[in-house]
Amino acid sequence: MEKDLASKGTDRHEVGRDKFIDLVWEWREKYGGLIVNQLKRLGCSCDWSRERFTMDDGLSKAVKEVFVRLYEEGLIYRGDYIINWCPRCHTALADLEVEHRETDSYFYYIRYPFQHGGGHLVIATTRPETLLGDTAVAVNPEDERYKELSDAYVLLPVLKKPIPVIFDRYVDTGFGTGVLKITPAHDPNDFEIGNVHKLERIKVIDEDGRMNELAGPYKGMDRFECREKILEDLESDGLLEKTESYQHAVGHCYRCKTMIEPLLSKQWFVKVGPLAEEASRAVREGKTTIYPSNWEGVYFEWMNNIRDWCVSRQIWWGHRIPAWYCQECGEVHVAKEKPLACSTCQSNDLVQETDVLDTWFSSALWPFSTLGWPDKTDELKTFYPTSVLITGFDILFFWVARMMMMGIHFMGDIPFRHVYIHALVRDSEGKKMSKSKGNVIDPLEVMDKFGTDAFRFTLAALAAQGRDVKLSEERISGYRHFVNKIWNAARLVLMNLDHDENAAKEDRIYTLPDRWILSRLGQVSEDISQAIEDYRFNEAAGLCYQFVWHEFCDWYLEMAKQGLYGKDKAMKESSRAIVQEVLMASLKLLHPFMPYVTEEIWQKLPGAEGSIMIAGFPEASEFIRDEDAIREMDLLMGLITGIRNIRGEMNIPPSRKISIAIDVMDGKESGVLRNNMAHIQNLANVKDVSIDSGIPKPEASATAVFGQNQVHVLLKGLLDFAEERKRLRKEITKLEKDIGISNKKLSNKGFLEKAPAEIVVEVKEKVNALSLKLEKLNQNLRFFEAIRD
RNA sequence: GGGCGGAUAGCUCAGUGGGAGAGCAUCGGCCUUACAAGCCGAGGGUCGCAGGUUCAAAUCCUGUUCCGCCUACCA
């Protein structure tokens, strides 16, 4: 707002307080909805009727209530303190609002001559202009160099004023010269030391960052201008011993980046110690859990080192502090409403404090002020404490910590059970987005370009705990393909549905692929639910992706075509019903990540009642669980993949149908393959199949091993024997390596004795299976070596 | 100064004690009747470096280098 005024060549002082506040409200009407619109566009299903703004009436009431109560409890006080002052914004800032930046500067070594007896002390400082406000110099009482200085005085350079040498353990003997100048009115540490030693506080810099009348000859100069001048004067007096370049962190205003001036000032403070202790304990005792847990450490660290919170701001926009000053006797009255008269002198001349409260003060009350507190409302009873707060780490201190303090203090209970610290979205370079850097990604633009579903899914898929998100368009575009895949799969299903009659549950004929996909659906539903409950959104999204694309689309739908396109009416109806069931469940699993496309498809499906938003999330118990089906499908898929490998590696075009001979040992497995012959022919593009136990290997054939069986692909006239030998050797080498690793374990006595039994069994079984496969591959290789071409 | 996180395939990243994974990119083959924004197949990694614990380490511990972030009153 202030920037806007500046661009029109004016400022808030010219506009005036009332008009300024009106303007800010207008501004807020216009732009305040921006984030809400983004959320709506993202499809966030919030209860929008509960939208609140901290300046709303109800919330103002809560702010006054809290302020007065804390004041009465002695947890709010008004006092002199060194605050962080922004000379441009003309306001105090909380410690949190100060940004420290490494700055190239200089260390000036300045001589402070002794008042009596000649000689001088050398003091190193980065801020020579503040020496005008020095009221002492300090040394460490342990420092041998300065032991003799008790009761000594030095003359302040330029002003030639005597100031005492004091002893304080705070001084670091190893830093600089071991002598510290004390400026209680312009440095927080000096302020503390000044209190201990009862030193005078001389303020030499004013609220504009200019030197005031106490700065003598420098009066009216800007602080930086004064620095230059004073250095010149020191130089000419022979008091500047040397200058070293030096780098240190300097505080800047988070809003306007102006260098902060630590200034002595009367401000309102919250005594946070007792509040922080409670808030800290709530997390320590597990009443509130922070995810991921490493943020708990950060939270404790901050809580343990907290200083009082300066809450007054010398700006016009915000909750005006409910304090009134008696113009007659100076008495301070803190109350929710203006008192009729001063309780001390009965004067009616009371003027309200012009300072407003830090915006985070009202934000800290959010979890209960938005629910009607201080009134005892039903909403409070129902919703407090809330289940989860989701937010970014950058406001863990600003907001989360303070909500914890206020919530526990005023409600007697934590404000939320879980705090989920989400990943921060950065640009593709990994830089934090900021308006000044111009690398801000506008979510609305992204959604225009790629669609909301792709955007949402991308965010979820990238949101691994404890890690920030580098958002790039390629990635979003990749997931847009997934949305498209879902749409196309749905098209296939919709095209084949009979909108009038689908098989009732009892009439269904469950094929192997049916039993398999339903079993997998059950497992995956359970895994996805668990992942979401644990805030592992990337895993949940990954599970959806893998299941829908690589199991449902790649295998199941392809196999389901047998039934859907077949002539058998009963089969067809059953197939339609099951395909639809699986699609509907998949849509429900996807819905949290892709609200729009899932709803769109859902509405087109016969039998879907109402919105998918209110459909129940799939549960494992809804689906049949058939472990045999999973094993049998593995066998079938292994066979098909084996044939495809050979086709691919031998460059056999799909137009060429091939013949195969399957050598299957187990009778049951043989039955499974025979029952699913159509799938094998279709998905591996096979014409003739012979299947038997111990079937001889045809001469011109390539072989793949699957499970404990093998399949020979007849390649008469197509087989390059040298190529096949190469292929087999490659696979044999890989197998031998794997077997070698496992055998090494099994020949290790320590492993057999100490490893858990089930692991040992697992390794043994693995060696057996691999050895069997290796033997078959070797047979095949020998076969080709014998018939060298 | 203190703390946290990262370093794994060309790129972006999952994976916290028992067979190195995904997406994208690359290469080869396919317009196969839902989908070329697709299908089928392939190649590719000393898991930053050095030690240690363990039968077993990408995973646990110690040290170290580089990168990022948070925090801090050594003037």
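In this text the structure is predicted, and so the values were computed from the model without any measurement. (Residues numbered from 1 in each chain as written. Chains lettered and ligands numbered in written order. Predicted model: local features only at pLDDT ≥ 70, side-chain atom pairs only at ≥ 80, totals over all residues. Heavy atoms only, no water.)

Caption draft 1: Representation of helix α21 (residues 627-649) in the model. Taking 1.5 Å as the rise per residue, α21 with 23 residues should run 33 Å; its terminal C-alpha atoms sit 33 Å apart, in good agreement. Regarding α21, its N-cap is Asp626, as a side-chain oxygen of that residue lies 3.0 Å from the backbone nitrogen of Asp628 further along. (Helix = DSSP H or I, 4+ residues; strand = E, 2+ residues; numbered from the N terminus. Expected span 1.5 Å × (residues − 1). Polar contact = N/O pair within 3.5 Å; in protein donor to acceptor, adjacent residues only side chain to side chain.)

Caption draft 2: How the structure looks around unusual backbone geometry. Residue Pro292 is reached from Tyr291 by a cis peptide bond, and omega for that bond is -10°. Its location among the elements puts Pro292 in the loop between β11 (289-291) and α9 (294-304). In this chain, Trp373 is followed by Pro374 through a cis amide linkage whose omega measures 10°. In this structure, Pro374 sits in the loop between α11 (366-369) and α12 (378-383). With a phi angle near 55°, Lys198 is a residue other than glycine that sits in the positive phi range. Not every positive phi belongs to a glycine, and Tyr535 is a case in point at roughly 60°. Tracing the sequence through the fold places Tyr535 in the loop between α17 (512-533) and α18 (537-565).

Caption draft 3: Structural view of the nonpolar core. The biggest cluster of nonpolar side chains holds 105 residues, and the ones touching the most others in it are Phe457, Ile643 and Leu673. Setting aside its immediate chain neighbours within four residues, Ile643 contacts Ile658, Ile660, Ile680, Ala684, Val686, Val711 and Val713. Among the nonpolar cores identified, the runner-up in size contains 55 residues, and Tyr384, Leu389, Phe410 and Phe416 belong to it. (Core = buried A, V, L, I, M, F, W, Y, C linked by side-chain atoms within 4.5 Å. Buried < 20%, exposed > 50% of the residue type's maximum accessible area, 1.4 Å probe, protein only. Contact = heavy atoms within 4.5 Å.)

Caption draft 4: Spatial organisation of the sheet that holds β11. Read across the open sheet, the three strands follow the order β11-β19-β18; overall the sheet is parallel. Strands at the two margins of the open sheet, each flanked by one partner only, are β11 and β18 (386-392). Across the sheet, the mean angle separating the axes of adjacent strands is 20° when strand polarity is ignored. Summarising the sheet, β11 and strand β19 (residues 416-422) pair through three bridges and their orientation is parallel. Across the sheet, Ile290 pairs through a bridge with Val419, a residue of β19. (Pairing = 2+ DSSP bridges. Axes fitted to C-alpha atoms, helices over the stretch in contact; angles between N-to-C directions.)

Caption draft 5: Main features of the packing of helix α15 (residues 452-462) against α18. Where α15 contacts α18, the two axes come as close as 6 Å, and the packing angle between them is 120°. With respect to each other, α15 and α18 are oriented oblique. Residues Phe457, Ala460 and Ala461 of α15 pack against Phe537, Asn538, Ala541, Cys544 and Tyr545 of α18. For the contact of α15 with α18, the class distribution of residues is seven nonpolar, one polar and no charged. (Parallel < 35°, antiparallel > 145°, perpendicular 65-115°, else oblique. Nonpolar A, V, L, I, M, F, W, Y, C, P; charged D, E, K, R; others polar.)

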